[in-house]
Amino acid sequence: MHLIYFRNMKSQKQESALKVVDVNNSRLLRFFIDFPHSLYKNDPNYVPELYIAQKKMLTEKNSFFEHSKASLFIAEDEGKVVGRIAFVENLPHNNIYKEKTAFFGFFEVVERYEVAQLLFSRVFKLVKLHSYDKLVGPTNFTTNDTCGLLTSGFDIMPVILMPYNKKYYPDFLNRLGFEYEMGLSSYKIESTSLNSFLGKPVIQRIKNRVDKAGILIRSIRYKDIDNEILHLREIYNTSNLNNWGFIPLSENEFKNMAKDLKSLIPQSLILFAELNRKIIGFIVALPDYNHVFKRITRGRLFPFGLLKLIWYKHQIKSARILIMGILQEYRNKGVDIMLYKQINENLNQVGIFQAEACYVMENNKSMNSILEKIGGSIIKKYKIYKIQLG
C-alpha cells in the first residue's frame, strides 16, 4: 500500500515537472531563441539563426507588431527547455480575407509527443479565448517570413531564410488533428541546365520581342534606395495579391526588410524590368549566407562571429532566388525569362553557379511552369497545416 502510494507520488512529481511558461522577460526570450541550438546539436544540416536578427524579429522592433500580436511560450521539464511555440494574431489577414484565423509559429520540440500536446493545448485555449475558429501554421509570422514544415529534403542543408525541422513534426501535427492546408516547394537550378535552356533559338526570339517592346532589365540603384524601395513595394504587393495567404507589407515593414536585405545583397542581384520608366517586374537573388551562419556558434556575432561573417562571405558559391514578381498585364510575354537570364549572368559574375528558388506554392501554376522549363527540379517540399477549432 505504501509502495503504491510512493509510486503515485513519484509519477505526479514527474508529471508536474513538465510545464508551459510565458516568455515575458529577456531571460526567457533568450531561452526561446537558443532552444534550437541544443535540439539540433548533432544535426549536420542545422544552421543557427543570427541571435541579433531573431531578437529583433521577436520584439517591438519588428514592424509586424505595429498591427498584430504574438505570444511566446516555452515548455520546461525540471528547468530544462524542451519545446517552444508562438501564438500569432495576424489582424490584417483576418481583415483582408474576412476570416477568424489564428496562427502558430516558431514551433520546436523534443521527440516527446506529450510536450507538443502541452504546447498546443496552451495555443488552443488562446484560439478559443479570442474567438478564432481556425489555427494555421507554421508561419513565423506571416507568409512574407519563414513558413511551412519541411516534409522532404531533410538530407539537404536549408538555404537562407528557409525552414528546417525534425522529421517527426508532421506526425505530431497529424496526431493533434491538423490537416493539410497548402504545399510549398524548393527548386534547384543549375547554371548548366539554365544556360542550355537559354541557348535555344526561341529564347533569342523572346529577347528580341521584349527588346522591341521597350522593356529594359536593370539593377536596383542603391544610391537612390528610398525611391527604389517605394516602387519595389508597390509592385511587390500588387504582383503577389493572388497568392495564397499573402498580406501586403506596410511601408515600415517593407523598409525594414529592404534595409536588412541591402546589407546582404549586391545591387546586381536585385533586378527590375522597366517599361517607360515604370517598374513592371522584379527578381531578387540572395547569396546563401547559411554557409557562413553555419560557422557562427549559437548565432552570436560577438566576439568572433562577425570576423567569420566578413571572412567567409566571399566564399559563398550558391544563392537563393528569393522572389520574382511581374504585374498581371505583363505576364506570359517573356519578361520572366529575361529576368532569369540576367540574374543568372549576374550570379555567374560573382562566382555563383547554382541556386535554390523557394518557396513556390503548389497552386502557383505559372511559377512552377517557368521553373520546370528552365531546368529546375524540386528538391524540398513543405506543408502548412490547419485545424478547425470553432
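Located above this text is the structure these notes cover.
Residues numbered from 1 in each chain as written. Predicted model: local features only at pLDDT ≥ 70, side-chain atom pairs only at ≥ 80, totals over all residues. Heavy atoms only, no water.

Focus: the pattern of salt bridges
Condition: Salt bridges are counted wherever a side-chain nitrogen of Lys or Arg sits within 4 Å of a carboxyl oxygen of Asp or Glu. Secondary structure counts use DSSP, requiring at least four H or I residues in a row for a helix and at least two E residues in a row for a strand, with both numbered from the N terminus. When accessible area is computed with a 1.4 Å probe and restricted to protein chains, residues below 20% of their type maximum are described as buried, those above 50% as exposed, and intermediate ones as partly exposed.
Considering all chains together, one arrives at 16 salt bridges under this definition. One salt bridge connects Asp 77 with Arg 112, and the closest N-O pair in it is separated by 2.9 Å. Highlighted residues: Asp 77 in strand β2 (residues 69-77) and Arg 112 in the loop between β4 (101-109) and α5 (113-129), separated in sequence by 35 residues. Taking relative accessible area as the criterion, Arg 112 reaches 27% and is therefore assigned partly exposed. Close ionic contact of Glu 190 with Lys 188 constitutes a salt bridge, the shortest N to O distance being 3.2 Å.

Details of the packing of aromatic side chains
For clarity, the cut-off: Pairs were defined over the aromatic rings of Phe, Tyr and Trp, the Trp ring being its six-membered one, requiring ring centres within 6.5 Å. Orientation was assigned from the angle between planes: stacked under 30 degrees, edge-to-face over 60, tilted for the rest. By definition, being over a ring means that NZ of Lys or CZ of Arg is both within 6 Å of the ring centre and within 35 degrees of the ring normal.
Tallied over the entire structure, the rule returns 22 aromatic pairs. Through a chain of ring-to-ring contacts, three or more aromatic side chains come together here, namely Phe 104, Phe 107, Tyr 113, Phe 120, Phe 124, Tyr 168, Tyr 169, Phe 172 and Phe 178. The ring of Phe 32 carries Arg 84 above its face, with NZ or CZ at 4.7 Å from the centroid. Over the aromatic face of Tyr 113 sits the side chain of Arg 175, whose NZ or CZ is 3.8 Å from the ring centroid.

Concerning unusual backbone geometry
Pro 138 follows Gly 137 through a cis peptide bond whose omega is 0°. Within the secondary structure layout, Pro 138 lies in the loop between β5 (134-137) and β6 (139-140). With an omega of 10°, the peptide bond running from Asn 140 to Phe 141 counts as cis. Of note, Phe 141 is situated in the loop between β6 and β7 (146-147). At Ser 131, a position not held by glycine, the phi torsion is positive, near 65°. Relative to the helices and strands, Ser 131 is located in the loop between α5 and β5. For Leu 161, which is not glycine, the phi torsion reads 65° and is therefore positive.

Quick word on the environment of Ala 116
Selection criterion: In this analysis, two residues are considered to be in contact whenever any of their non-hydrogen atoms come within 4.5 Å of each other.
With respect to the helices, strands and loops of the structure, Ala 116 is situated in helix α5. A relative accessible area of 0% places Ala 116 in the buried class. Taking the C-alpha atoms as reference points, Ala 116 and Gly 83, separated by 33 residues in sequence, lie 7.4 Å from one another. Excluding anything up to four places from it in sequence, Ala 116 contacts Phe 107, Val 109, Phe 172 and Leu 176.

Focus on a positive patch on the surface
Formally: Within the patch definition used here, like charges are joined within 9 Å and nonpolar side chains (Val, Leu, Ile, Met, Phe, Trp, Tyr) within 5 Å, considering only residues with over 30% relative accessible area and no salt bridge. Accessible surface is estimated by sampling points in the Shrake-Rupley manner with a 1.4 Å probe; for residues, cover comes only from the protein chains shown. The charge count includes Lys and Arg as positive and Asp and Glu as negative, but it does not include His or the ends of the chains. For the purpose of locating charges, the reference atoms are NZ of Lys, CZ of Arg, CG of Asp and CD of Glu.
On the surface, Arg 27, Arg 30, Lys 55 and Lys 61 cluster together to form a positively charged patch. In this structure, Lys 55 sits in helix α3 (residues 51-57).

Thoughts on the pairing of strand β15 (residues 377-388)
Operational definition: Two strands are counted as paired when DSSP detects at least two bridges linking them.
Relative to β15, β5 runs antiparallel, the two being bridged by four bridges. Considered in β15, the bridge of Lys 134 is made with Gln 388. In this sheet, β15 lies alongside strand β8 (residues 149-152) in antiparallel orientation, the contact comprising three bridges. When the bridges of β15 are listed, Ser 152 appears paired with Lys 381. One ladder, built from nine bridges, connects strand β9 (residues 179-190) with β15; its direction is antiparallel. If you follow Glu 179 over to β15, its bridge partner there is Lys 386.

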